[in-house]
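Single-letter residue listing:
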Amino acid sequence: SGDVNVTNNGGTLRASGAQTPALVAASRVYSMNSLPAADAGAITVVNQNNGVVTAQGAAAKSLWAESYSATGAAKDVSVTNAGGSIISSGAGGVGVYARSLGATADGLITITNSGLIQGGPGGTGILLSGGKQNAQNTITNTGAIKAGSVTDYAINIDGDWNSAAKLTINNNLNGAITGSIDPTGSTTFNNAFGATFNSGGVIYLGAPSNPDNALNNSGVFSPGGLNNLLSATATPGTYTSVLTGNFNQTSTGQYYTDINFATGAAATDYADRVHVTGAATLAGYVTLDPVTGAGKPGTFHIPVMVSDGAMTGGVSIYPYFTSGTPSTTPIFQPSASISNQTLYVNYSINYAPSCLSSSNRLNLGNTINDIQTDGVPNYQIIANQLLQISNCDDLKKAYDSLTGEGTTATQQATFDMRSQFFDAVLNDTDSLANCSREPYEATRVECKKLERVWASASRLNVWQDGNSNSASSFAGAYNLTGGYEKLVQPYLMLGLAAGIGSSNFDVADRWTSGSVTGANFAAYGAVTSDVGLYLKGAVSVGAFVNDYTRYALGNLVAASHDTTALGGKSEVGMRRQLGFLGITPFVAAQIDELSQPAYNEDNTVYGNRFETMRQMSRLTSSGIQLDSLFEVAGYQISPMAKVSWSHEASLQRSLIASSLAAPGYYWRVDGISPAANLTRYDLGLRGRLDNAVELGAKASFVRSSTRNSNSGELSLTVRF
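Rules of the game
- Residues numbered from 1 in each chain as written.
- Predicted model: local features only at pLDDT ≥ 70, side-chain atom pairs only at ≥ 80, totals over all residues.
- Heavy atoms only, no water.
- Axes fitted to C-alpha atoms, helices over the stretch in contact; angles between N-to-C directions.
- Helix = DSSP H or I, 4+ residues; strand = E, 2+ residues; numbered from the N terminus.
- Parallel < 35°, antiparallel > 145°, perpendicular 65-115°, else oblique.
- Contact = heavy atoms within 4.5 Å.
- Nonpolar A, V, L, I, M, F, W, Y, C, P; charged D, E, K, R; others polar.
- Buried < 20%, exposed > 50% of the residue type's maximum accessible area, 1.4 Å probe, protein only.
- Salt bridge = Lys/Arg side-chain N within 4 Å of Asp/Glu carboxyl O.
- Disulfide = S-S within 2.5 Å.
- Phe/Tyr/Trp six-rings, centres within 6.5 Å; stacked < 30°, edge-to-face > 60°.
- Pairing = 2+ DSSP bridges.
- pLDDT = per-residue confidence, 0-100.
- Patch = residues over 30% accessible without salt bridge, like charges linked within 9 Å, V, L, I, M, F, W, Y side chains within 5 Å.
- Areas by Shrake-Rupley, 256 points an atom, 1.4 Å probe, with all protein chains shown as cover.
- Polar contact = N/O pair within 3.5 Å; in protein donor to acceptor, adjacent residues only side chain to side chain.
- Core = buried A, V, L, I, M, F, W, Y, C linked by side-chain atoms within 4.5 Å.

### Concerning the packing of helix H1 (residues 359-374) against helix H3 (residues 392-403)
Phase 1: Put simply, H1 and H3 touch, their axes get as near as 9 Å, and they point 80° apart. Comparing the axis directions of H1 and H3 gives the class roughly perpendicular. Of the residues in H3, those touching H1 at Asn360, Arg361, Leu364, Gly365 and Ile368 are Lys396, Tyr399, Asp400, Leu402 and Thr403.
Phase 2: Among the residues forming the contact of H1 with H3, the class breakdown is four nonpolar, three polar and three charged.

This is the structure in structure tokens:
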């Protein structure tokens, strides 16, 4: 029988029947009594220039290359797949079947692949038969060799394989072999730098007593392939792959292992694990691939390789996860060690590392530790993102985005709007009662008018400095306020007031901004005396709607919720008239309580729930006011200057939060505290157009070590 040479130069060969090859290149000699013994011919098959050889039937061998002699010697079989595809897609299909089997001698089998060789589900990529005794049959790969999945065989033999044959598998740069390997005899597998071997459950290279029966890894060895734990290797004696032979890894080699972070305190973390029946000589790296969740807090020791023979050398944890992000992070600290012929991956996990530094972040971190200890499934997406953040500065930002701290800005923004409202209401409440004491005779006509309506419009800008725990903020508020009052007794005035307002706030370092919009209502009054002593005060209720957006780990979160306020302000002073100069020392107290029902944000993964909250503002003040009254061109002009010092006794602006992904696990969030001590400066001017109408303007400036604000107000008063 002669030699057979077949070249497929970019063509397509296709077969569809069960067990039907797409291409057969065979030289066969059968035994017949009338014929002398004879050798079979050599087989050479080349599939090149994107040529396609495909069989679609069940158990079909897509390319069948065979040199067979029942009476003489078989010759060499060579298959070269140069950038083409040889595929058997049916169940149990074989990509390449290479056979060199003779009665007196087997030939050398050589397969070279730079394209795709693929078997079907439950099949084999390359199936070998025969093979030359004591010679290096060779498979050289720079392409892909696989079957239906990693649980199938990439390379296997049939029952006619020569047990004395030797096989060398060279998986070179850019090569990928996926599946089990079972050539039986004596096999050397060289997995070169830049190549990948995704092993199945079986890696049978031969008796470990022969050092040549070895997997020599200088590239990537990934038991089971990435993101694919073949079995629950937490169970003792259970392995992803069993390597019959020896294992040697060089300094460029990487052993990829999937790590399954098991949720729940009682569950055990586990990883891909390989059993080597011979010796293991280790160098290079273990590269980690976290595939499930993000782990629970604690210290863990996970076996990833066990050898029956000696395990020598040592490996390090590769500095990057398979995803490309750093493998050592503030939360996740891994290492590798060898003990009792076992390679361990060791790691500690702590979601509250000390580098977080602030109480808000540490409060959240301790809560995440509780969440992960209990294994809340819906929180794993967040915990996984946190675990892979590579430096503490970025981790701080991530925690800042999750705490919800920026939302506390709504509290102080509301208190500031309330203070604006109280200022507008009590700004000139004693004017009716004090009218008769003004120095100009012209005012006497006005003093006969016992009722007054008024309106004011104000703008307030507030800058609040942050600290190591809470971020700086800015708020800009508008208020429109009006009222009616009447002098019911010579020294008693009563009135009603209402106002609407809106405050826009921004907490840039917490990626939070929004608005507070609402209305205030007040009943107020003033009592004066002949000696200039006065008392004025107001009680008020308010209702507000808070709308905001923020970003948590880069994901948009929004909410709208209501708050109500109840409070009051009183002021006691003594007004003395020294010629045209009025001098009024005073003390004041303002108490306000803000109530917020519990509410949920809209993002069910990255959003939070905030529990019912009550916050107080208790502000005491003292100061002095100077004012005067001049007549210019028939108009009465009244300038005013006032300075006051205030103390805020309630400095807490906080919330209790929980993640919507992990309900029932709470942490405390402290927002930026208001300034404890403030100095306020007011400058005002009123102009009386006639004995009934008055216009006013006022500018106010508040200064402290952590808070500054500027405001302006315009007012209109009509007496009747």
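What follows continues from the structure just given.
### Regarding the environment of Val462
Phase 1: Among the structural elements, Val462 can be located in strand S34 (residues 451-464).
Phase 2: Residue classification places Val462 among the buried positions, given a relative accessible area of 4%.
Phase 3: Separated by 158 residues in the primary sequence, Val462 and Thr620 place their C-alpha atoms 19 Å from one another.
Phase 4: Discounting residues that sit within four places of it in the chain, Val462 has contacts with Asp416, Ser473, Phe474, Ala475, Arg707, Asn708 and Ser709.

### Examining the pattern of salt bridges
Phase 1: By the definition in use, this model includes 21 salt bridges.
Phase 2: Between Arg361 and Asp400 there is a salt bridge, and its shortest N-O distance comes to 2.9 Å. Residue Arg361 is found in helix H1, and its partner Asp400 is found in helix H3; the two are separated by 39 residues along the sequence.
Phase 3: In this structure, Glu485 engages Arg452 in a salt bridge whose closest nitrogen and oxygen atoms are separated by 2.7 Å. Here Glu485, found in strand S35 (residues 473-489), pairs with Arg452, found in strand S34; they are 33 residues apart in sequence, far enough to count as distant. Side by side, Glu485 and Arg452 carry an identical accessibility label, which is buried.

### Overview of the state of the cysteines
Phase 1: Applying the stated rule across the entire model yields one disulfide.
Phase 2: Between the sulfur atoms of Cys355 and its disulfide mate Cys392 the distance is 1.8 Å. Between Cys355 and Cys392 the disulfide shows an S-S torsion of about 90°. By sign, it is right-handed. Here Cys355, found in the loop between strand S33 (342-349) and H1, pairs with Cys392, found in helix H3; they are 37 residues apart in sequence, far enough to count as distant.

### Describing the packing of aromatic side chains
Phase 1: Under the criterion given, the structure shown has 18 aromatic pairs.
Phase 2: Arranged with centres 5.2 Å apart and planes meeting at 35°, the rings of Phe332 and Tyr347 form a pair that is tilted. With a gap of 15 residues between them, Phe332 in strand S32 (residues 332-339) and Tyr347 in strand S33 connect regions that are remote in the sequence.
Phase 3: Overall, the relative accessible area of 1% leaves Phe332 in the buried class.
Phase 4: A residue is classified by how much of its surface remains accessible, and Tyr347, at 2% relative accessible area, is buried.
Phase 5: Relative to Phe422, the ring of Phe421 lies with its centre 6.4 Å away and its plane at 55°, an arrangement referred to as tilted.

### A closer look at the sheet that holds strand S48 (residues 666-670)
Phase 1: Read across the open sheet, the four strands follow the order S42-S43-S47-S48; overall the sheet is antiparallel. The sheet terminates laterally at strand S42 (599-600) and S48, the two strands that pair on one side only.
Phase 2: As paired elements, strand S47 (residues 654-659) and S48 share five bridges and run antiparallel to each other. From the neighbouring strand, Ser654 faces S48, where its bridge partner is Asp670.

### Considerations on the pairing of strand S9 (residues 94-102)
Phase 1: Of all nine residues making up S9, nine are buried, and the element is well covered by its neighbours.
Phase 2: In terms of strand pairing, strand S6 (residues 61-69) meets S9 through eight bridges, oriented parallel. Counterpart to Trp64 in the pairing with S9 is Tyr97.
Phase 3: As paired strands, S9 and strand S12 (residues 124-130) are joined by six bridges and run parallel to one another. Bridge pairing in S12 places Ala98 opposite Leu128.

### Quick look at the confidence of the model for the protein
Phase 1: Residues at a pLDDT of 70 or more form 96% of the protein, whose mean pLDDT is 93.
Phase 2: Low pLDDT (under 50) marks residues 440-444, which in the prediction has 14 contacts with non-local residues, meaning those over four places away or in another chain.

### A few points about the sheet that holds strand S30 (residues 311-313)
Phase 1: The sheet built from eleven strands is open, its strands ordered S1-S4-S7-S10-S13-S16-S18-S20-S23-S27-S30 with parallel pairing. If you trace the sheet from one side to the other, it starts and ends with strand S1 (4-9) and S30, each paired once. Across this sheet, the average inter-strand angle for adjacent strands is 10°, counted without regard to direction.

### A look at a nonpolar patch on the surface
Phase 1: A cluster of nonpolar side chains, contributed by Val527, Val531, Leu533, Leu535, Val572 and Val587, occupies part of the molecular surface with about 470 Å² of accessible area.
Phase 2: Mapping Val572 onto the fold places it in strand S39 (residues 555-574).
Phase 3: Overall, the relative accessible area of 38% leaves Val572 in the partly exposed class.

### Description of the side chain of Asn603
Phase 1: With respect to the helices, strands and loops of the structure, Asn603 is situated in the loop between S42 and strand S43 (608-610).
Phase 2: Exposure remark for Asn603: the relative accessible area of 17% places this residue in the buried category.
Phase 3: A polar contact of 3.0 Å, which involves the side chain of Asn603, links it to the backbone nitrogen of Tyr606.
Phase 4: Those residues in contact with Asn603 that sit more than four places away from it in its chain are Asn555, Leu556, Val557 and Leu660.

### Describing the nonpolar core
Phase 1: Counting residues in hydrophobic clusters, the biggest one holds 110 residues, and the most contacted among them are Ile111, Leu128, Met305 and Leu386.
Phase 2: Contacts of Ile111, omitting those with residues within four sequence positions, involve Val79, Val96, Ala98, Ile117, Ile126, Leu128, Thr138, Ile139 and Thr140.
Phase 3: In this structure, Phe421, Val425, Tyr524 and Ala526 belong to the second largest nonpolar core, which totals 13 residues.

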